[in-house]
Amino acid sequence: MQETLFPPAPGTVEWVAPGAARLAGFLSLDEQHWLAGRCRDLGGGPVGWYRPTVRGGGRMRVEMLCLGRHWNPLTYRYESTRADRDGAPAPPLPDDLAALACRVAAAAGMTLAPDICILNAYGTDGRMGLHQDKDEQPDTLAAGIPVVSISIGDTARFVLGGLRRRDPLQHLDLRSGDAFVFGGPARLRYHGVTRILPGTAPAPLGMTGRYNLTFRQY
Ligand code: SIN
Ligand code: MN
């Protein structure tokens, strides 16, 4: 499914699979502006973005900052300090961002007590390979407690697969201000970002590239 010509109407909850919904236009332009500023401040802060190296030696195609707990890309475990970078403690997850994630989950009829946010910055050549989010606690995964994702800036070509890597992929565009939630039976679906569409960020945001925030419950 490619859908550049017919984007969904803002304000809708569009179920793309059982447990997986896109909430197009969830954030107003003012809220996007506010969130872009929060991302820049956090990512540019003393414990800010860095480009991680993953297990096997490859470098990620995004810059990452984890709030609440650090996801170690060498061990695929969460930890309190970022041992793969500088040993700094993960900055706390701010209450206003956690509250936003709860609002998104509630709009999709789900609940989440977020204590982690992975804030990624994509350049125009950024992407993320197909993967599962499965490093949270077994109880969280078993209960299908959702991941809430919020996108700001340039549009991303997002892919949602199934529970096996080889399952067919759905292609979705995630635009600035869109939220995406995957919980319940969709919690362990493979997903990734194949490309960023440069120049598609709303002009008033004055940005190139994309921020993506994924909120999780450990
Ligand atoms: C992720 O899977 O961690 C990020 C997804 C996205 O950037 O939309
Ligand atoms: Mn993910």
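Below: a short report on this structure.

## Quick notes on the sheet that holds strand E1 (residues 13-17)
And then number 1: The strand order across the open sheet built from seven strands is E1-E2-E11-E8-E13-E6-E3, with neighbouring strands paired in antiparallel fashion. Each edge of the sheet is formed by a strand with only one pairing partner; in this case those strands are E1 and strand E3 (63-67). Geometrically, the sheet is characterised by an average inter-axis angle of 20° between neighbouring strands, direction not taken into account.
And then number 2: Packed on one face of the sheet, helix H1 (residues 29-43) meets E3, strand E6 (116-122), strand E8 (147-153) and strand E13 (210-216) and runs near 85° to E13.
And then number 3: Sheet contacts for helix H2 (residues 95-107): E1, strand E2 (20-23), E3, E8, strand E11 (179-182) and E13; angle to E8, the most-contacted strand, approximately 110°.

## Comments concerning the packing of aromatic side chains
And then number 1: Scanning all chains against the criterion turns up five aromatic pairs.
And then number 2: Members of the aromatic cluster, each reached through a chain of ring pairs, are Phe158, Phe180 and Phe182.
And then number 3: Here the basic side chain of arginine 55 rests over the ring of tyrosine 76, its NZ or CZ set 3.8 Å away from the ring centre.
And then number 4: The ring of tyrosine 122 is capped by arginine 210, whose NZ or CZ atom sits 4.9 Å from the centre of that ring.

## Side note on the pattern of salt bridges
One side chain can pair with another of opposite charge once the charged atoms of both are near each other.
And then number 1: For the structure shown, the criterion picks out ten salt bridges.
And then number 2: A salt bridge links arginine 103 to glutamate 31, with the shortest nitrogen-to-oxygen separation between them at 3.3 Å. Remark: glutamate 31 occurs in helix H1 and arginine 103 occurs in helix H2; sequence separation between them is 72 residues.
And then number 3: With relative accessibility at 41%, the residue arginine 103 sits in the partly exposed group.
And then number 4: Overall, glutamate 31 belongs to the partly exposed group, its relative accessible area being 23%.
And then number 5: Put simply, arginine 82 and aspartate 86 hold a salt bridge, and the shortest N to O gap is 2.9 Å.
And then number 6: A relative accessible area of 4% means that arginine 82 is categorised as buried.

## Section: H1
And then number 1: An ideal rise of 1.5 Å per residue puts 21 Å on 15 residues; H1 measures up with 21 Å between its terminal C-alpha atoms.
And then number 2: Burial in H1 covers these residues: Gln32, Leu35, Ala36, Gly37, Arg38, Cys39, Leu42 and Gly43.
And then number 3: In this structure, the buried side of H1 is in contact with E3, H2, E6, E8 and E13.

## Description of the site of ligand 1
And then number 1: Taken together, the neighbourhood of ligand 1 is formed by Tyr122, Met128, His131, Phe158, Leu174, His191, Val193, Arg210, Asn212 and Arg216.
And then number 2: Histidine 131 is positioned with one of its side-chain polar atoms (N or O) 3.1 Å from an oxygen atom of ligand 1.
And then number 3: Measuring from an oxygen atom of ligand 1, one finds a side-chain N or O atom of histidine 191 at 3.0 Å.
And then number 4: Protein contact buries 96% of the 260 Å² of open area that ligand 1 shows by itself.
And then number 5: With three residues, the single largest contributor to the shell around ligand 1 is E13.
And then number 6: Across the shell around ligand 1, the residue classes break down as five nonpolar, three polar and two charged.

## Notes on the coordination of the manganese ion (ligand 2)
And then number 1: Here the manganese ion (ligand 2) is held by the protein donor atoms His131 (NE2), Asp133 (OD) and His191 (NE2), which lie 2.1 to 2.2 Å from it.
And then number 2: Positions of the donor residues of the manganese ion (ligand 2), expressed as sequence spacing, correspond to H-x1-D-x57-H. Linking aspartate 133 in the loop between strand E7 (128-131) and helix H3 (138-142) with histidine 191 in strand E12 (residues 191-197), this pair joins segments that are 58 residues apart in sequence. In this structure, aspartate 133 and histidine 191 share a single accessibility class: buried.

Procedures and definitions
- Residues numbered from 1 in each chain as written.
- Chains lettered and ligands numbered in written order.
- Predicted model: local features only at pLDDT ≥ 70, side-chain atom pairs only at ≥ 80, totals over all residues.
- Heavy atoms only, no water.
- Pairing = 2+ DSSP bridges.
- Helix = DSSP H or I, 4+ residues; strand = E, 2+ residues; numbered from the N terminus.
- Axes fitted to C-alpha atoms, helices over the stretch in contact; angles between N-to-C directions.
- Contact = heavy atoms within 4.5 Å.
- Phe/Tyr/Trp six-rings, centres within 6.5 Å; stacked < 30°, edge-to-face > 60°.
- Lys NZ or Arg CZ within 6 Å of the ring centre and 35° of its normal.
- Salt bridge = Lys/Arg side-chain N within 4 Å of Asp/Glu carboxyl O.
- Buried < 20%, exposed > 50% of the residue type's maximum accessible area, 1.4 Å probe, protein only.
- Expected span 1.5 Å × (residues − 1).
- Near = heavy atom within 4 Å.
- Polar contact = N/O pair within 3.5 Å; in protein donor to acceptor, adjacent residues only side chain to side chain.
- Areas by Shrake-Rupley, 256 points an atom, 1.4 Å probe, with all protein chains shown as cover.
- Nonpolar A, V, L, I, M, F, W, Y, C, P; charged D, E, K, R; others polar.
- Donors = N, O, S within 2.8 Å, 3.2 Å for Na, K, Ca; no water.

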